[in-house]
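Chain by chain, the residues:
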Amino acid sequence: LGGQIDCNIRHPLCIAAALQFLFTLLTRTQMLDCLHHNNTNSDAALHQVFKLSVNAISTRKTDGTDEYARSTMRITALKLLLIIVNLDQSLSTAKIKSLAPGEIAQALSTIRGVANVDENADVRKLASYLTHV
């Protein structure tokens, strides 16, 4: 199933839809454990989703994708990154936090970078707001 189908699955709007699903799941359950699947523990899954969010936010212009699709993906990734960090910091008070301090710093650095230089005004506006929350 390579070729055209593979390219469409990796389209920024498809990625944005998957990220939005994860955002909704985490927001409604208020639990990071809902990311647990089969043999993957919730910490490993959390780190995968965290990396996916950071990478999606950092995605720059690529051939063949429009600015609307890329900005939608980055806005959704910003929201997901926010809920991941928020839940990790608020729910992990009694136990060891899943995200390392370096990962929190990476998230903040990524958000600040987008707030300063993103090509889309809506992405910059959301990122700027998140840096002041």
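Here the residue numbers are simple positions, counted from 1 along each chain's written sequence. Local features in this predicted model are restricted to residues whose pLDDT is 70 or higher, and side-chain atom pairs enter the listing and the counts only when it is 80 or higher, whereas totals over whole chains, interfaces and linings include all residues. Computation of side-chain values: all heavy atoms of the structure, hydrogens and water removed.

Chemist: Looking at this model, I keep getting lost on the environment of Ser109. Mind explaining?
Modeler: The helix and strand labels rest on DSSP assignments: H or I over at least four residues marks a helix, E over at least two residues marks a strand, and numbering proceeds from the N terminus. Take Ser109: it is sitting in helix H5 (residues 101–117). Since its relative accessible area comes to 48%, Ser109 is described here as partly exposed. Sequence spacing of Ser109 and Thr131 is 22 residues, and the spatial spacing of their C-alpha atoms is 9.4 Å. For each residue, the accessible area found with a 1.4 Å probe, counting protein chains only, is set against the maximum for its type, and the residue is called buried under 20%, exposed over 50%, and partly exposed in between.

Chemist: How should I be thinking about the confidence of the model for the chain in this particular structure?
Modeler: Detailed conclusions should not be drawn from predicted coordinates in areas where pLDDT is low. Mean pLDDT over the chain works out to 83, with 81% of the residues at or above the 70 mark. Averaged pLDDT values over the elements of the chain bottom out at 58 in helix H1 (residues 4–9) and peak at 93 in helix H2 (residues 12–29). What pLDDT reports is the predictor's confidence in each residue, on a scale of 0 through 100.

Chemist: Could you clarify how one ought to interpret the packing of aromatic side chains in this entry?
Modeler: For any pair of aromatic rings, geometry is given as the distance between the ring centres together with the angle between the planes. Pairing of aromatic rings covers Phe, Tyr and the six-membered ring of Trp, with a centre-to-centre limit of 6.5 Å; geometry is then stacked below 30 degrees between planes, edge-to-face above 60, and tilted otherwise. One pass over the structure, following the stated rule, counts 0 aromatic pairs. A ring has a charge above it when a Lys NZ or an Arg CZ is no more than 6 Å from the ring centre and no more than 35 degrees off the ring normal. Positioned above the aromatic ring of Phe23 is the side chain of Lys79, whose terminal nitrogen or guanidinium carbon lies 5.0 Å from the ring centre.

Chemist: What's the story with the nonpolar core in this structure? I'm lost.
Modeler: Nonpolar side chains in soluble globular proteins tend to end up buried together. Formed by 32 residues in total, the largest nonpolar core has its most connected members in Leu26, Leu80 and Ile84. Contributing elements (two or more residues each) for this core: H2, helix H3 (42–58), helix H4 (67–91), H5 and helix H6 (121–131). Considering each element in turn, this core owes the most residues, 9 residues, to H4. Every residue in contact with Ile84, bar those within four places of it in the chain, is listed here: Leu26, Leu32, Leu46, Val49, Phe50, Ser53 and Leu99. As used in this record, nonpolar core signifies buried Ala, Val, Leu, Ile, Met, Phe, Trp, Tyr and Cys residues forming a set joined through side-chain atoms within 4.5 Å. We call two residues in contact when some of their heavy atoms are within 4.5 Å.

Chemist: Is there a simple way to think about the packing of H5 against H6 in this case?
Modeler: When two helices pack together, their arrangement is captured by the angle between the axes and the distance separating the axes. A fitted line through C-alpha atoms represents every axis, and for helices the fit uses only the stretch in contact; the resulting angles, taken between N-to-C directions, go from 0 to 180 degrees. For the pair H5 and H6, the least separation of the axes is 7 Å and the interaxial angle reads 135°. Taken as axis vectors, H5 and H6 run oblique relative to one another. H5 and H6 meet at a crossing whose hand is left-handed. When H5 is examined against H6, the residues Ile111, Arg112, Val114, Ala115 and Asn116 are found in contact with a partner set consisting of Val123, Arg124, Ala127, Ser128, Leu130 and Thr131. For the contact of H5 with H6, the per-class residue count stands at 6 nonpolar, 3 polar and 2 charged. These descriptions rest on fixed angle ranges, namely under 35 degrees for roughly parallel, over 145 for roughly antiparallel, 65 to 115 for roughly perpendicular, and the rest for oblique. Here is the rule for handedness: rotate from the far helix to the near one, and if that takes an anticlockwise turn smaller than a right angle the crossing is left-handed, while a clockwise turn gives right-handed. Each residue receives one of three labels: charged for Asp, Glu, Lys and Arg, nonpolar for Ala, Val, Leu, Ile, Met, Phe, Trp, Tyr, Cys and Pro, and polar for the others, Gly being one of them.

Chemist: How should the pattern of salt bridges be read in this particular structure?
Modeler: Side chains that differ in charge, positive against negative, can pair when their charged atoms come close. In what follows, salt bridge is the name for a side-chain nitrogen of Lys or Arg lying within 4 Å of a carboxyl oxygen of Asp or Glu. Taken as a whole and assessed by the stated rule, the structure comprises 3 salt bridges. For Arg70, the salt bridge identified is with Glu119, shortest N-O distance 3.4 Å. Within this pair, whereas Arg70 is found in helix H4, its partner Glu119 is found in the loop between H5 and H6, the two being separated by 49 residues in sequence. For Glu119, a relative accessible area of 38% puts it in the partly exposed group. Ionic pairing is found between Glu119 and Arg74, a salt bridge with its closest N-O pair at 3.7 Å. Placement of the pair is Glu119 in the loop between H5 and H6 and Arg74 in helix H4, with a sequence separation of 45 residues.

Chemist: Mind showing me how you'd approach H6 here?
Modeler: Because each turn of an α-helix spans 3.6 residues, side chains separated by three or four positions end up pointing in the same direction. Val123, Ala127 and Leu130 are the residues of H6 that are buried. Here the buried residues of H6 occupy an arc of 60° about the axis, which is enough to place them on one side. The exposed set on the far side of H6, more than 90 degrees from its buried face, consists of Lys125 and Tyr129. N or O atoms within 3.5 Å of each other form a polar contact, as long as, within protein, one can give a hydrogen and the other can take it, and as long as residues adjacent in sequence are counted only when both atoms are side-chain atoms. The distance from a side-chain oxygen at the start of H6 to the backbone nitrogen of Asp122 is 2.8 Å, and the residue carrying that oxygen is Asn120. This arc corresponds to the set of directions leading from the helix axis out to the C-beta atoms.

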